[in-house]
Amino acid sequence: MQIPFLSLKDVTGKYSSEIHSAVSRVIDSGWYLQGEENKKFEADYAKYIGTKHAIGCANGLDALIWIVRAYKELGYFHDGDEIIVPANTYIASILAITENNLKPILVEPRFETLEIDDSKIEERITPRTKAIMIVHLYGRCAYTERIGEICKKHNLKLIEDNAQAHGCKFGDKRTGSLGDASGHSFYPGKNLGALGDAGAVTTDNQELAECIRALANYGSQKKYVFKYSGRNSRLDEIQAAVLDIKLKYLDNDNHNRQQIAKYYYENISNPKITLPERLNDVNNVYHLFPVFCEQRDSLQQYLKENEIQTLIHYPIPPHKQECYNEWDCISLPITEKIHNQELSLPISPVLTMEEAKEVVRVINQY
Ligand SMILES: *Cc1c(COP(=O)(O)O)cnc(C)c1O
């Protein structure tokens with residue numbers, strides 16, 4: 001039995017007829033940008049996340065870039081200001097900060113939770129700190145009450161990178177509605193994935209929403225009148241239509257991920273393998289299922305020989321990337337340990353329980 005890490009063909013295939021008819025509807029409408037499909041998806045997504053506004057844009061990186069940029073345009077952030085961000089994240093979170101000439105302050109995660117260590121945030125705050133960007137990495141909620149208190153006490157904006165956690169909750173609120181603004185990616189492999197690139201910003205702040213809507217549309221609020229020097233970063237009507245269909249099934253799809261994760265947690269018993277601290281299902285939508293092993297590369301090879309495909313998220317931490325060579329000398333041991341030992345097991349809305357059983361059987365024999 002060949003077990004793929006993620007079969008996107010099957011993920012789309014699950015809703016194939018509805019998706020085909022929505023795509024045909026848009027094709028036949030003759031209206032491909034900034035129309036009714038965008039409006040409907042934005043309204044439905046804002047309602048789902050629990051914010052007043054959702055603004056569609058081209059991808060998740062742009063969504064994060066626009067949040068930081070809009071705070072600059074509105075006079076809250078300035079060149080050289082600092083934003084606290086977890087050191088173990090996908091590069092996009094950090095690029096969104098440096099792209100805007102602000103300074104990322106890398107804070108270590110906890111190895112047990114993989115999320116930013118909220119006990120190490122306050123010591124890094126300086127007079128230039130303007131925001132904390134939390135990243136709900138692997139689908140796990142990174143927000144804590146302490147982070148909320150730190151933001152209040154120091155008057156910091158709270159930005160969420162919700163690219164990996166659509167549907168996740170903290171209490172009865174969804175991630176993406178916990179801070180001042182949140183960036184979402186609908187890259188095909190994400191929990192809510194489009195058939196290409198797509199993204200969105202959610203916020204309750206109308207001023208910020210209007211600014212971001214303009215920035216992502218050439219900086220224009222009125223046709224041929226340009227208030228900001230923006231870019232073309234719009235969400236296609238076809239993608240909006242597809243996303244609106246998949247949004248209806250997101251909780252169901254996440255439920256399947258949670259069932260697989262439950263099985264992994266209850267049955268992986270190999271002492272060479274460490275699992276992250278288990279959260280309640282409401283707090284984890286299992287975008288990925290990371291496990292840790294000191295002989296990670298040999299484990300991956302062994303699984304491959306047994307026809308189980310795995311991926312590493314991520315092999316090189318941001319501070320060791322060539323594009324950030326100014327950070328080469330800094331030491332972030334927890335982040336480095338995570339990157340050296342992490343391996344992501346197959347998990348998806350279409351992975352079956354039989355496949356999960358086979359993964360566990362093989363991994364327990366390693
Ligand atoms: C995928 C991802 C992004 C960027 O999204 P794109 O749509 O690929 O630009 C940002 N942050 C995190 C944590 C991601 O996983």
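Above: the structure in question.
Residues numbered from 1 in each chain as written. Predicted model: local features only at pLDDT ≥ 70, side-chain atom pairs only at ≥ 80, totals over all residues. Heavy atoms only, no water.

(A) Main features of the sheet that holds strand 9 (residues 199–203). In space, the 7 strands of this open sheet follow the order 1-9-8-5-4-2-3, with mixed pairing throughout. Among the strands making up the open sheet, the edge pair consists of strand 1 (53–57) and strand 3 (103–107). Across the sheet, the axes of successive neighbouring strands diverge by a mean angle of 20 degrees, strand direction being ignored. In this sheet, strand 8 (residues 181–185) lies alongside strand 5 (residues 157–161) in parallel orientation, the contact comprising 3 bridges. Residue pairing for strand 8: Asp 161 is matched across the bridge by Gly 183. This element, helix 4 (residues 60–73), spans strand 1, strand 2 (82–86), strand 4 (129–135), strand 5, strand 8 and strand 9 of the sheet and lies at about 160 degrees to strand 8. (Pairing = 2+ DSSP bridges. Helix = DSSP H or I, 4+ residues; strand = E, 2+ residues; numbered from the N terminus. Axes fitted to C-alpha atoms, helices over the stretch in contact; angles between N-to-C directions. Contact = heavy atoms within 4.5 Å.)

(B) Up close: unusual backbone geometry. Omega for the bond connecting His 313 with Tyr 314 falls within 30 degrees of zero, at 10 degrees, which places this linkage in the cis form. Relative to the elements of secondary structure, Tyr 314 occurs in the loop between helix 10 (296–305) and helix 11 (333–341).

(C) Region of interest: the packing of aromatic side chains. Under the criterion given, the structure shown has 14 aromatic pairs. Ring centres of Tyr 71 and Phe 77 lie 4.9 Å apart, and the angle between their planes is 35 degrees; this geometry places the pair in the tilted category. When its relative accessible area of 2% is taken as the criterion, Phe 77 is described as buried. Between Phe 111 and Phe 292, the aromatic rings sit 5.1 Å apart at their centres with planes inclined by 65 degrees, giving edge-to-face as the arrangement. Of the two residues, Phe 111 sits in the loop between strand 3 and strand 4 while Phe 292 sits in strand 12 (residues 289–292), which places them 181 residues apart along the sequence. For Phe 111, a relative accessible area of 17% puts it in the buried group. For Phe 292, a relative accessible area of 1% corresponds to the buried category. These aromatic residues form a ring-pair network of at least three members: Tyr 264, Tyr 265, Tyr 286 and Phe 289. Directly above the ring of Tyr 76 sits Lys 157, whose terminal nitrogen or CZ lies 4.4 Å from the centroid. Of note, Lys 272 hangs over the ring of Tyr 366, and the distance from its end group to the ring centre comes to 5.3 Å. (Phe/Tyr/Trp six-rings, centres within 6.5 Å; stacked < 30°, edge-to-face > 60°. Buried < 20%, exposed > 50% of the residue type's maximum accessible area, 1.4 Å probe, protein only. Lys NZ or Arg CZ within 6 Å of the ring centre and 35° of its normal.)

All quantities given are derived from atomic positions and should not be read as evidence of function.
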